[in-house]
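Here is how the chains run, residue by residue.
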Amino acid sequence: MYNVKESDWKLLRKLVPGWQERHMDKLNKEYIEILKREENPSSNFWEIEKKINEDKSHIGVVINMRRSRMVENILMLLKTKVIGIEELADFSDELKEEINLYFRG
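Report follows, based on the coordinates. Every chain's residues receive numbers from 1 upward, in the order its sequence appears when written. Totals for whole chains, interfaces and linings use every residue, but because this is a predicted model, local features are given only for residues with pLDDT of at least 70 and side-chain atom pairs only at 80 or more, for both listing and counting. Processing note: side-chain calculations cover all non-hydrogen atoms of the structure and skip hydrogens and water entirely.

## Quick notes on the environment of Asp8
Here comes step 1: Helix and strand definitions here come from DSSP, where helices need a minimum of 4 consecutive H or I residues and strands a minimum of 2 consecutive E residues; each element is numbered from the N-terminal end. Relative to the elements of secondary structure, Asp8 occurs in helix H1 (residues 6–36).
Here comes step 2: For the pair Asp8 and Leu35, spaced 27 residues apart in sequence, the C-alpha separation works out to 40 Å.
Here comes step 3: Contact criterion: two residues are considered in contact whenever any of their non-hydrogen atoms come within 4.5 Å of each other. If near-sequence neighbours (up to four positions away) are discounted, Asp8 is found in contact with Tyr2, Met70, Phe91, Ser92 and Leu95.
Here comes step 4: Pairing of N or O atoms within 3.5 Å defines a polar contact, subject to two protein rules: one partner must be a possible hydrogen donor and the other a possible acceptor, and residues neighboring in sequence count only if both atoms are side-chain atoms. One polar contact links Asp8 to Tyr2, side chain to side chain, over a distance of 2.3 Å.

The following block contains the structure:
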């Protein structure tokens, strides 16, 4: 079981806002594509409204930043493709090993 290192925790807190901004930028572009459709404006509106309601609880938008959830949060960020495994390069070897255990298991 991985015990959260202070350096990993600080690095995660530093990186998460940028990851969220990047994810929300991707979502905004998806909303723009919906608005560009040559369909009924009300259909586009309701589709965006539905998508926003789903997206606003996504880990790429809102994350429960607790030290005890660090590994779980990273796994969810990876699983939902908010980040790639290469973005963990600066974390400790112990944390990377813990993450790899979940992917192998």
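## A closer look at the packing of aromatic side chains
Here comes step 1: A pair of aromatic rings is counted whenever rings of Phe, Tyr or Trp (Trp by its six-membered ring) have centres within 6.5 Å, and the orientation is called stacked for planes under 30 degrees apart, edge-to-face for over 60 and tilted otherwise. Under the definition given, this model contains one aromatic pair.
Here comes step 2: A ring pair is formed by Phe45 and Trp46, whose centres lie 4.8 Å apart and whose planes are at 85 degrees; its orientation type is edge-to-face.

## Let's talk about the pattern of salt bridges
Here comes step 1: A carboxyl oxygen of Asp or Glu within 4 Å of a side-chain nitrogen of Lys or Arg is what we treat as a salt bridge. Per the counting criterion, the structure on display carries 11 salt bridges.
Here comes step 2: Glu30 is paired through a salt bridge with Lys51; the nearest N and O atoms lie 2.7 Å apart. Of this pair, Glu30 sits in helix H1 while Lys51 sits in helix H2 (residues 41–55); the two residues are 21 residues apart in sequence, bridging distant segments of the chain.
Here comes step 3: A relative accessible area of 26% means that Glu30 is categorised as partly exposed.
Here comes step 4: Linked by salt bridges that have partners in common, Lys26, Glu30, Lys51 and Asp55 make up one network. A simple rule labels every residue: compare its accessible area, found with a 1.4 Å probe on the protein chains alone, to the largest value its type can have, and call it buried under 20%, exposed over 50%, or partly exposed in between.

## Quick look at helix H4 (residues 93–104)
Here comes step 1: Each helix should span, by expectation, one fewer than its residue count multiplied by 1.5 Å. Its 12 residues give H4 an end-to-end C-alpha distance of 16 Å, which sits within 8% of 16 Å, the value for a rise of 1.5 Å per residue.
Here comes step 2: For H4, the elements touching its buried residues are H1 and helix H3 (70–79).

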